[in-house]
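Below, each chain spelled out in residue letters.
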Amino acid sequence: GAGVSQSPSNKVTEKGKDVELRCDPISGHTALYWYRQRLGQGLEFLIYFQGNSAPDKSGLPSDRFSAERTGESVSTLTIQRTQQEDSAVYLCASSSIAGSFSEQFFGPGTRLTVL
Amino acid sequence: GENVEQHPSTLSVQEGDSAVIKCTYSDSASNYFPWYKQELGKRPQLIIDIRSNVGEKKDQRIAVTLNKTAKHFSLHITETQPEDSAVYFCAADTGRRALTFGSGTRLQVQP
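The rules behind these values
Residues numbered from 1 in each chain as written. Chains lettered and ligands numbered in written order. Predicted model: local features only at pLDDT ≥ 70, side-chain atom pairs only at ≥ 80, totals over all residues. Heavy atoms only, no water. Helix = DSSP H or I, 4+ residues; strand = E, 2+ residues; numbered from the N terminus. Rg over C-alpha atoms; globule rule 2.2 N^0.38 Å. Core = buried A, V, L, I, M, F, W, Y, C linked by side-chain atoms within 4.5 Å. Buried < 20%, exposed > 50% of the residue type's maximum accessible area, 1.4 Å probe, protein only. Contact = heavy atoms within 4.5 Å. Salt bridge = Lys/Arg side-chain N within 4 Å of Asp/Glu carboxyl O. Pairing = 2+ DSSP bridges. Buried area = accessible area lost by both parts, 1.4 Å probe. Polar contact = N/O pair within 3.5 Å; in protein donor to acceptor, adjacent residues only side chain to side chain. Nonpolar A, V, L, I, M, F, W, Y, C, P; charged D, E, K, R; others polar.

Colleague: Any chance you could break down the overall build of chain B for me, citing the residues and the numbers?
Modeller: Helix and strand counts for chain B come out as 0 helices and 11 strands. Secondary structure elements in chain B, listed N-terminal to C-terminal, are β-β-β-β-β-β-β-β-β-β-β. In terms of C-alpha radius of gyration, chain B reaches 13 Å, essentially the compact-globule figure of 13 Å for 111 residues. Based on the C-alpha atoms only, the size of chain B along its principal axes is roughly 40 × 25 × 20 Å.

Colleague: I'd like to hear about the nonpolar core, residue by residue, with values.
Modeller: Residues and elements named next belong to chain B. Formed by 23 residues in total, the largest nonpolar core has its most connected members in W35, F73, L75 and L107. Of all the secondary-structure elements, those providing two or more residues to this core are strand 2 (10-14), strand 3 (19-25), strand 4 (32-38), strand 5 (45-51), strand 7 (62-67), strand 8 (72-77), strand 9 (86-92) and strand 11 (105-110). Apart from residues no more than four positions distant in its own chain, L75 is found in contact with A19, V20, I21, W35, I47, I48, I62, A63 and Y88.

Colleague: Could you give an account of the pattern of salt bridges, with specific residues and numbers?
Modeller: Residues and elements named next belong to chain B. All told, the structure shown has 9 salt bridges over all chains when counted by the stated rule. Put simply, K37 and E39 hold a salt bridge, and the shortest N to O gap is 3.5 Å. Look at K37 and you get buried, because its relative accessible area is 16%. A salt bridge links K57 to D49, with the shortest nitrogen-to-oxygen separation between them at 2.9 Å. For K57, a relative accessible area of 35% puts it in the partly exposed group.

Colleague: Talk me through the pairing of strand 6 (residues 65-69) of chain A; I want residue IDs and the actual numbers.
Modeller: Residue and element names in this part refer to chain A. Alternating residues of strand 6 divide into F65, A67 and R69, all buried, and S66 and E68, none buried. In terms of strand pairing, strand 6 meets strand 7 (residues 75-79) through 5 bridges, oriented antiparallel. Counterpart to F65 in the pairing with strand 7 is I79. Where strand 6 folds back on strand 7, the antiparallel hairpin that results is connected by 5 residues, among which G71 adopts a positive phi of roughly 60°.

Colleague: Describe in detail the environment of E68(A), supporting the description with residues and values.
Modeller: All names here are of chain A. Tracing the backbone through its elements, the reader meets E68 in strand 6. Between the alpha carbons of E68 and S95 there is a distance of 17 Å; along the sequence they are 27 residues apart. Residues contacting E68, with those up to four places away along its chain left out, are F49, V74, S75 and T76.

Colleague: Now, about the interface of chain A and chain B: what can you tell me, with residues and values included?
Modeller: Taken together, the 21 residues of chain A in the interface contact 18 residues of chain B. Between chain A and chain B, roughly 1,700 Å² of surface is buried when both sides are summed, and carbon and sulfur atoms account for 56% of that area. Taken together, chain A and chain B are joined by 0 salt bridges. Viewed at the interface, chain B and chain A are joined by 3 residue pairs in polar contact (both at pLDDT 80 or more). At the level of elements, strand 4 (31-37) and strand 5 (44-50) of chain A are the ones that each hand at least two residues to the side of chain A that touches chain B. Residue contributions to the side of chain A that touches chain B peak at 3 residues, all from strand 4 of chain A. Residues of the side of chain A that touches chain B, tallied by class, amount to 10 nonpolar, 9 polar and 2 charged.

Colleague: Tell me about the pairing of strand 9 of chain B, and please be specific about residues and values.
Modeller: Residues and elements named next belong to chain B. For strand 9, the tally of buried residues reaches 7 of 7 residues, placing the bulk of the element in the interior. Burial along strand 9 is two-sided: the face carrying A86, Y88, C90 and A92 and the face carrying V87, F89 and A91 are both buried. Pairing of strand 4 with strand 9, which is carried by 4 bridges, proceeds in the antiparallel orientation. Residue pairing across strands places Y36 opposite F89, the latter belonging to strand 9. For strand 9 and strand 10 (residues 100-101), the ladder comprises 2 bridges, and the chain directions are antiparallel. Residue pairing across strands places A91 opposite F101, the latter belonging to strand 10.

So this is what it looks like as C-alpha cells:
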C-alpha cells in the first residue's frame, strides 16, 4: 500500500513569507507526527496528533509554527514569517497507535530553504 | 521530559568488523526503544526495536540490548557491510507522547 507522502518535496522561500507543508499519512493510522531535521542533525519533535484528542504541541519552537489535522487524514504544518533558521527538512510520520510501541513510518520530507 | 543521549556521533569500521552504538535515557517511564536507520537523502526506517520487558533482541546481524537499571541501550551490528553505512538514531518512548530521538551516529563501513 501507499506510504506516507509529503508535499512539496522542496520549497524555497524568502525570509518573512509564510509556508504550508502537507502530509498524507498511511490510511488508517491514527497518530501523526511532525519532526524537524536540520542539516547533519537529529530529529527534533514538533507536534503530534492522536485521533480526535488535543494535539501535543510541546515541541513547536515558536508561535510562528502551527499545525492542523482533520480527523485521521491530511495534516498541514504552517510556518509564518519564515526565518533563515527555519531552513531544514520537515519530516512527517504516522503510526497505527500513538505512543504505544507502534512503528512510525516516515514520509520523504520537505526540504525548506529560507533565503 | 525525556532526554536521549547517543554516542559516538561518528563511527568508522572496516568491513566485517562489529559496530556498537550506545544511548542513554533519562525518563525511567520509557518502555519502548526503537532504532532507525537513515541512508543519505532518504527517510528514517525502523530496523529493530525492544520493549522494556526484555533485555536483548536479535535479528540476523543486528542486536539491541537494554539495561533498565542503568537506563541505557545499545545497538550491535556484526559482520558489517558497506550497505550498513548510514546514520543511526536511537529513540525512547514513554507511551505518553512522540518518540524522543538521539542525535544520531554516522556509521561508515570501509570496504
